[in-house]
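Structure assessment
Take a look at the letters that make up each chain.
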Amino acid sequence: MYDIMDLIVPILIIVAIAVIVLAFFKSMKEINDNKKAPLLSVSAKVSGKRTDIIKRNQPNAGDLSGAHGYTVVMNTTYYVSFEIEDGERKEFIVDHSIYNTLLEETKGTLSFKGTKFISFE
């Protein structure tokens, strides 16, 4: 007789694979849409900045049991929000070097393609 786990485990594996595949195709679609989008340059000002820090423990020496200890790995994503002259706000992921040079309320020309930040001068 079948145990309930014999049914649940394969379903969970299929769902996990489906989520990974969908995330991959979504990412590829966004990249493709950005490539096709026109390069836009508009007057804007920096309206805000924020970071998203993800901290995780990575096992040393490839030992998943953690017997050799863990190394703390931190990944930071940098976001900058711009207010375009028509009042619309756009937020972009930027490199840390760009994030550090931009000051809030700075006015300039924002260049972007779709959801991809190009420059702010």
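Refer to the structure above for everything that follows.
Reading guide: rules and limits
- Residues numbered from 1 in each chain as written.
- Predicted model: local features only at pLDDT ≥ 70, side-chain atom pairs only at ≥ 80, totals over all residues.
- Heavy atoms only, no water.
- Pairing = 2+ DSSP bridges.
- Helix = DSSP H or I, 4+ residues; strand = E, 2+ residues; numbered from the N terminus.
- Axes fitted to C-alpha atoms, helices over the stretch in contact; angles between N-to-C directions.
- Salt bridge = Lys/Arg side-chain N within 4 Å of Asp/Glu carboxyl O.
- Buried < 20%, exposed > 50% of the residue type's maximum accessible area, 1.4 Å probe, protein only.
- Core = buried A, V, L, I, M, F, W, Y, C linked by side-chain atoms within 4.5 Å.
- Contact = heavy atoms within 4.5 Å.
- Phe/Tyr/Trp six-rings, centres within 6.5 Å; stacked < 30°, edge-to-face > 60°.
- Lys NZ or Arg CZ within 6 Å of the ring centre and 35° of its normal.

Digging into the pairing of strand E2 (residues 70-84)
- Relative to E2, strand E1 (residues 39-59) runs antiparallel, the two being bridged by 15 bridges. When the bridges of E2 are listed, Val46 appears paired with Phe82.
- Examined bridge by bridge, E2 and strand E3 (residues 89-94) share six bridges and lie antiparallel to one another. Looking at E3, one finds that Tyr79 is bridged to Ile93.
- The loop that links E2 with its antiparallel partner E3 comprises four residues; one of these, Gly87, has a positive phi angle of about 95 degrees.

Focus: the sheet that holds E2
- Pairing within the open sheet is antiparallel, and its five strands lie in the order E3-E2-E1-E4-E5. Each having just a single partner strand, E3 and strand E5 (116-120) make up the two edges of the open sheet. Direction aside, neighbouring strands of the sheet carry axes that sit 35 degrees apart on average.

As for the pattern of salt bridges
- Scanning the entire structure with this criterion turns up five salt bridges.
- Across the pair Glu91 and Arg50 runs a salt bridge whose closest N-O atoms are separated by 2.9 Å. With Glu91 in strand E3 and Arg50 in strand E1, this residue pair connects regions lying 41 residues apart in the sequence.
- Judged by relative accessible area, which is 39%, Glu91 ranks as partly exposed.
- On the basis of relative accessible area, Arg50 is assigned to the partly exposed category, the value being 38%.

Remarks on the nonpolar core
- Grouped together as the largest cluster of nonpolar side chains are 13 residues, with contacts concentrated most on Val80, Phe82, Phe92, Leu110, Phe117 and Phe120.
- Leaving out residues up to four positions away in the same chain, Phe117 has contacts with Phe82, Phe92, Ile93, Val94, Ile98, Leu110, Ser111 and Phe112.

A look at the packing of aromatic side chains
- Inspection of the entire model under this criterion finds seven aromatic pairs.
- Where Phe24 meets Phe25, the ring centres are 5.5 Å apart and the plane angle is 75 degrees; that geometry is what we call edge-to-face.
- Linked through ring pairs, Phe82, Phe92, Phe112, Phe117 and Phe120 together constitute an aromatic cluster.
- Cation over ring: Lys49 sits above Tyr99, and NZ or CZ is 4.4 Å from the ring centre.
- Arg50 extends its terminal NZ or CZ atom over the ring of Tyr79, reaching a point 3.8 Å from the ring centre.

Purely spatial values, then, with no claim about function.
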